[in-house]
Amino acid sequence: GENVEQHPSTLSVQEGDSAVIKCTYSDSASNYFPWYKQELGKRPQLIIDIRSNVGEKKDQRIAVTLNKTAKHFSLHITETQPEDSAVYFCAAIGNNQGGKLIFGQGTELSVKP
Amino acid sequence: EPEVTQTPSHQVTQMGQEVILRCVPISNHLYFYWYRQILGQKVEFLVSFYNNEISEKSEIFDDQFSVERPDGSNFTLKIRSTKLEDSAMYFCASSDRVSNEKLFFGSGTQLSVL
């Protein structure tokens, strides 16, 4: 089955710097890759997603890139702000797997003012 | 903005007891899910539910687990005889027919089995 690896487990940046979180997946049939942000004690919230027919997607300060050949995808946050501090999870869904998200281990991002 | 709601937020139970975790998915959603997250570990898929039946389940979802949609709004997860290792945060999620991969999560139920 699908396996998703996420790095780094913790990331500390200065306010205004960029942050990059990387994930790899194992199942070449996976075709949907969401990113979730989870603040302490709150629900995971979908912040951006990408499908396998697209190489890059951007939404304001957040972008996701996908390399299908290498089976990895990355989250890029530019001009980080303290409110970006949270745990970020990547995930993947295989073809015809409905909502069976396979999550990465999470990255705890800390943005220092 | 509509949200998935879960109750209770915390549940403490004795080993061997039955627990029922409750969820109210977003009203026009048709796909429902349970996930769990053991402290310090990744979020894990348990089960998906569509059209009043289980569509997929993981190895974790053994005979001690069951799900039900008892009425038009609630979606429940029952653990028949809890074990210590069932202690985790349990998340309910739902998605709609158009984009069934976009999951919206509830805020979770923290289950502690003593």
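## Some words on the overall build of chain B
And then number 1: Check the secondary structure of chain B and you find 0 helices and 11 strands.
And then number 2: Put simply, chain B runs from its N terminus to its C terminus through helices and strands in the order β-β-β-β-β-β-β-β-β-β-β.
And then number 3: For 114 residues, the compact-globule formula gives about 13 Å, and the C-alpha radius of gyration of chain B, at 13 Å, lands near that figure.
And then number 4: Principal-axis analysis of the C-alpha atoms places the extent of chain B at approximately 40 × 25 × 25 Å.
And then number 5: Counting all 114 residues of chain B, 44% fall into the buried class.
And then number 6: Taking all contacts inside chain B whose residues are at least 6 apart in sequence as the whole, residues at least 24 apart take part in 54%.
And then number 7: Here chain B displays about 5800 Å² of accessible surface, and carbon together with sulfur accounts for 47% of that area.
And then number 8: Here chain B carries 10 positive and 15 negative side-chain charges, and the mean point of each set is 1 Å from the other.

## Let's talk about the pattern of salt bridges
And then number 1: Under the counting rule described, the total for this entry stands at 8 salt bridges over all chains.
And then number 2: The residue Lys102(B) makes a salt bridge to Asp49(A) at a minimum N-O spacing of 2.4 Å. Residue Lys102(B) is located in the loop between β9 (88-95) and β10 (104-105), and its partner Asp49(A) is located in strand β5 (residues 45-51); the two belong to separate chains.
And then number 3: Take Lys102(B): its relative accessible area is 25%, and that puts it in the partly exposed class.
And then number 4: Since its relative accessible area comes to 6%, Asp49(A) is described here as buried.
And then number 5: Salt bridges linked by common partners bring Lys37(A), Glu39(A) and Lys42(A) together as one network.

Here is what the cut-offs are and how they apply
Residues numbered from 1 in each chain as written. Chains lettered and ligands numbered in written order. Predicted model: local features only at pLDDT ≥ 70, side-chain atom pairs only at ≥ 80, totals over all residues. Heavy atoms only, no water. Helix = DSSP H or I, 4+ residues; strand = E, 2+ residues; numbered from the N terminus. Rg over C-alpha atoms; globule rule 2.2 N^0.38 Å. Buried < 20%, exposed > 50% of the residue type's maximum accessible area, 1.4 Å probe, protein only. Contact = heavy atoms within 4.5 Å. Areas by Shrake-Rupley, 256 points an atom, 1.4 Å probe, with all protein chains shown as cover. Lys, Arg positive; Asp, Glu negative; His and termini not counted. Charge placed at Lys NZ, Arg CZ, Asp CG, Glu CD. Salt bridge = Lys/Arg side-chain N within 4 Å of Asp/Glu carboxyl O.

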